[in-house]
Amino acid sequence: MKISEQWLRQWANPSVDSETLGEQLTMAGLELDGMEMVAPPFSGVVVGEVIECAQHPDADRLRVTRVNIGTGELLQIVCGAPNVRVGLKVAVATVGAVLPSDDDKGFKIKKGKLRGVESHGMLCGASELGLEDKIDGLLELSDDAPIGVDVRSYLNLDAKIFEIAITPNRGDCLSVLGLAREIAVINRLPLNRVSFDVINPSTTASVGVKVANTTACPRYLTQRIDGIDRSVATPEWMESALVASGVRTHNFLVDVTNFVLLELGQPLHAFDADKIVGDIVVRDSVAGETVELLNEQTITLTGDELVIADDVGVLALAGIMGGARSAVSDETTSIVLESAHFDQLAIAGRARRFGLHTDASQRFERGVDFELPRTALDRATSLIISVAGGAAGSITTVEAMDKLPARHSIRVPVAKVEQLLGVAISSDEIVDILNRLEIATSLEGDTLICQAPSHRFDMNIAEDVVEEVARIYGYANIDVRLPSFAVDMRYDDTADLIHVAKLTLADAGYHEAVSFSFSDAKIESLFDDESLGAVLPLANPISSDLAVMRRTLLSSLLPVVSYNLNRQQARVRLFETGLSFVGADVASLVQTPSLAIVATGMVYPEQHHANRAMDFFDLKRDVESLLPATLNKAHISYERADLDFLHPGQSAYLSVNGERLGWFGQLHPSIAKAMDLPSVWVAELNLDKLIALNHTQSAIKAPSKFPSVRRDLAVLVDTDIAWQSLEADIRAAAGVHLQDVWLFDVYTGERLPAGMRSLAFAMVFQNHDATLEDEQIKKAVDKVVAVLDDKHGAKLRD
């Protein structure tokens, strides 16, 4: 934001120089990005008056002038400007003057001849002085400009322009009022608020207003002004303030709204009253309707924008830009002034959607004081009538008080200030600082009771109040010292273990992907499974395809797979570590560190001699490679996954020690088809739980010197009985000497009864202290058979 230092000092004028003032703002959190003069450096230019003006004898477009610059001798200067005339006060660059140039070296004025006529200097247009040209010709100075005075001094061109970086939470400082309020507080000065006469309505003229969406627009004010003298130009003082703040001037009515916006921070808009048909309606847009904006851009609305409309259609994009159909012009004599409070979320993101960035949207997106619209409307009306005359009509106000931002008291223990800042500040000084910031504060015992003003949208919790105390107390006044805390010097190898997991996948041919935590709502809707939880939409997304937080890392990885396939990469192996987000709102949001895998195509690179398509067991191998090598296989279990986005017959949950670690399997064919993908194998594991497994230390046991014994057991069971449940019962029943058990054969066929299948398990027995006897082994196997028969109806195969 650019703002004139001179304008700021009209509101608060501390006895410090420009550099110190800029440093004060920076230390208060309003960083000074730059400081420049109104005009670039030049010298030797004074105010002069054209005394004589005659036609050049050899050039139709040149005039020979004689100019008084107060030296007692008239200068002869040849000029080609169309507006040169007798009596004109002009900027005269004398011989030896140095004017601004594009190469920053300066352009020196010398005595010369133009078509044979001597010229002792140059009459300057605005562009020759580094200013904006408003007319084709010379810069015309006021009739009362004193002859001979340096133009830089007369036009105050050495005045400084501050360029200040305003953070998104400090929309209240996007104005002279907001910045001056900070300066006044820092320097313990009174704030010299502008005084103006509130214009009482002199006519009953008004405009009907209807607000259909009071949540997005809880306060809307209009006032009609008729009989405006359009021959009146923008006053020089207003024009200078606007130009010094980086705002181009247009016509008086537009300049007034821009002036009030910069002065108070409230965006206003002026409609040509004669171009409004029927009542003004504040409503949501209708998808597909169009509007031509003031910048001559025609946009097609999507249906969630807030618009100002009449009986014909859209008049303006609310809080962003007016429409061309109702724009004021040089012929406008009747206007309707609009001053409103729009909800931040109703404006946020809409301007960027159409490639727009306006002063109004910049402020409404950050939050404008909801008590400011009436003051700003009165100020603009007063300026218009005092300069251009006219009759003010009655003010039409539509407001929904319950929809305006709620302001709650904030309770702050005095001790919390020292706790957070590390410096003891007396309670009286804290109360004084906050009250000077217009944060109404009282002390109840050892607790501060604070009521934030309407212009401080960002203040909601105790830490916000403490931050304000720190800003004004001064960060430089807080001693630099190391915090006192107990340090745990034990090494945390979490990062190392995550790196090992990444290297394991890299060795298996996977490439790491890094993507946004945001996802496309359309992709997220494909994973429509209640077990994933609620989706969190973003209030102000970067783009429409990054509008929600991802519930699974697949939302980020699958588009990358599609991107690679579309570029003739038939074999894709990717993994990513990051957070998944579940929750309908921020309060209920759960963030889970996760590791996800996606793979499609052949198992091996193209040149491999034994290549084939990847299957479920290839993915299972890659997933199991992430588990600790020392993990007892008996602690690993699988069960059929019931997630809607996975293939029901080729997916599973992975559990360790009875705790679910994640899932893996084939992406459901319907989702693959919707995303135009082939068969894709996917997995996602809880990263914290995976790393915790690696942190678990396994006991070291010496190998037994006694032989092991293997027994195979084949049983007939119903096909709907999971083999994992049989394995678990075998481990429980076989006794302490069972070392391992695994399924090695599954058979179904005509020789077996209908609805039955054969499952064959291998069991290994071993005693670390002695050789096992046949009777011991037989007893253990018999017990296993009995338990399987009792719990599952399993029968030994012949």
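Rules used in this analysis
Residues numbered from 1 in each chain as written. Predicted model: local features only at pLDDT ≥ 70, side-chain atom pairs only at ≥ 80, totals over all residues. Heavy atoms only, no water. Helix = DSSP H or I, 4+ residues; strand = E, 2+ residues; numbered from the N terminus. Buried < 20%, exposed > 50% of the residue type's maximum accessible area, 1.4 Å probe, protein only. Contact = heavy atoms within 4.5 Å. 1 Å grid on protein atoms, 1.4 Å probe; cavity = no way out; pocket = protein on both sides within 12 Å on 5 of 7 lines; lining within 4 Å. Points joined across faces, edges and corners; volume = space filled by probe spheres on them. Nonpolar A, V, L, I, M, F, W, Y, C, P; charged D, E, K, R; others polar. Domains from an automatic or database assignment. UniProt positions renumbered as here; feature names shortened; annotations may be inferred. Polar contact = N/O pair within 3.5 Å; in protein donor to acceptor, adjacent residues only side chain to side chain. Phe/Tyr/Trp six-rings, centres within 6.5 Å; stacked < 30°, edge-to-face > 60°. Lys NZ or Arg CZ within 6 Å of the ring centre and 35° of its normal. Pairing = 2+ DSSP bridges. Axes fitted to C-alpha atoms, helices over the stretch in contact; angles between N-to-C directions. Parallel < 35°, antiparallel > 145°, perpendicular 65-115°, else oblique. Salt bridge = Lys/Arg side-chain N within 4 Å of Asp/Glu carboxyl O.

**So, the environment of Val211**
- Of note, Val211 is situated in strand S12 (residues 209-211).
- Given a relative accessible area of 15%, Val211 falls into the buried group.
- Between the C-alpha atoms of Val211 and Ile308, which are 97 residues apart in sequence, the distance is 9.2 Å.
- Other than its neighbours up to four places away in sequence, Val211 contacts Cys217, Tyr220, Val282 and Val398.

**Re empty space enclosed by the protein**
- Evaluation of the coordinates by the stated rule reveals two cavities of 30 Å³ or more.
- Here the lining of the largest cavity is built from residues that sort into one nonpolar, two polar and five charged.
- When residues are assigned to domains, the lining of the largest cavity turns out to be shared by domain 1 (2-38 + 160-187) and domain 4 (409-477), each giving three or more.
- Taken as a whole, the second largest cavity spans an internal volume of roughly 40 Å³.
- Around the second largest cavity, the lining residues are Asn169, Arg170, Gly171, Asp172, Arg366, Gly367, His455, Phe457 and Asp458.
- In terms of residue class, the lining of the second largest cavity is built from one nonpolar, four polar and four charged.
- When residues of the lining of the second largest cavity are sorted by domain, at least three fall in each of domain 1 (2-38 + 160-187) and domain 4 (409-477).

**Remarks on the UniProt feature "binding site: Mg(2+)" (unreviewed entry) in the chain**
- UniProt records the feature "binding site: Mg(2+)" (unreviewed entry) for Asp458, Asp464, Glu467 and Glu468 in the present numbering. Set against the second largest cavity, the annotated residues named above that line it are Asp458.
- Within the secondary structure, Asp464 sits in helix H13 (residues 462-473).
- Given a relative accessible area of 17%, Asp464 falls into the buried group.
- Residues contacting Asp464, with those up to four places away along its chain left out, are Asp458 and Met459.
- In this structure the side chain of Asp464 is engaged in a polar contact, spanning 2.8 Å, whose partner is the backbone nitrogen of Asn460.
- Following the sequence through the fold, Glu467 ends up in helix H13.
- The partly exposed category is assigned to Glu467, whose relative accessible area is 36%.

**Describing the packing of aromatic side chains**
- Under the counting rule described, the total for this entry stands at 10 aromatic pairs.
- For the pair Phe527 and Phe645, a centre-to-centre distance of 5.3 Å together with 75° between the ring planes defines the contact as edge-to-face. Linking Phe527 in the loop between helix H15 (521-526) and strand S28 (548-549) with Phe645 in the loop between strand S31 (636-640) and strand S32 (646-656), this pair joins segments that are 118 residues apart in sequence. Grouping residues by exposure puts Phe527 and Phe645 together as buried.
- Arranged with centres 5.4 Å apart and planes meeting at 90°, the rings of Phe616 and Phe617 form a pair that is edge-to-face.
- We classify Phe616 as buried; its relative accessible area is 14%.
- Exposure remark for Phe617: the relative accessible area of 59% places this residue in the exposed category.
- The positively charged end of Arg152 is found above the aromatic ring belonging to Phe42, 4.5 Å away from the centroid.

**Things to note about the UniProt feature "domain: B5" (unreviewed entry) in the chain**
- Per the UniProt record, "domain: B5" (unreviewed entry) is annotated on residues 405-480.
- As annotated, residues 405-480 has a helix share of 39% and a strand share of 18%, and its two end C-alpha atoms lie 38 Å apart.

**Section: the pairing of strand S30 (residues 590-600)**
- Relative to S30, strand S29 (residues 572-582) is paired through 11 bridges, and the arrangement is antiparallel. Bridge pairing in S30 links Arg573 to Ala599.
- Of the strand pairs in this sheet, S30 and strand S34 (residues 681-686) are connected by six bridges, and their pairing is antiparallel. If you follow Ala599 over to S34, its bridge partner there is Trp681.

**Remarks on the packing of helix H12 (residues 427-436) against H13**
- Two elements in contact, H12 and H13, have axes whose closest approach is 10 Å; the angle formed by their N-to-C orientations is 95°. By the criterion of interaxial angle, the relationship of H12 to H13 is roughly perpendicular. Counting all contacts with H12, which are made through Glu429, Ile430, Ile433, Leu434 and Arg436, the residues of H13 involved are Val465, Glu468, Val469, Ile472 and Tyr473.
- The residue makeup of the contact of H12 with H13, split by class, is seven nonpolar, no polar and three charged.

**Quick word on the layout of surface pockets**
- Space inside the largest pocket adds up to approximately 1300 Å³.
- Taken together, 46 residues line the largest pocket, and the ones lying closest to its centre are Lys134, Glu236, Trp237, Glu239 and Ser240.
- Elements represented by at least two residues in the lining of the largest pocket include exactly helix H1 (5-11), helix H5 (236-244) and helix H6 (252-264).
- Considering only residue class, the lining of the largest pocket consists of 22 nonpolar, 12 polar and 12 charged.

**Looking at the pattern of salt bridges**
- A full pass over the atoms with the stated rule returns 48 salt bridges.
- Residue Asp310 is joined to Arg325 by a salt bridge in which the shortest nitrogen-to-oxygen separation is 2.9 Å. Here Asp310 is found in the loop between strand S18 (306-309) and strand S19 (314-317), whereas its partner Arg325 is found in the loop between strand S20 (321-322) and strand S21 (335-341), with 15 residues between them in sequence.
- Taking the relative accessible area as the measure of exposure, Arg325 reaches 32% and is therefore partly exposed.
- Note that Asp378 is salt-bridged to Arg374, the shortest N-O span being 3.2 Å. Note that Asp378 and Arg374 are positioned in helix H10 (residues 373-388) at a spacing of four residues, about one turn of the helix.
- Of the residues examined, Arg374 reaches a relative accessible area of 42% and is grouped as partly exposed.
- Salt bridges linked by common partners bring Arg170, Asp172, Glu182, Arg456, Asp458, Glu468 and Arg471 together as one network.

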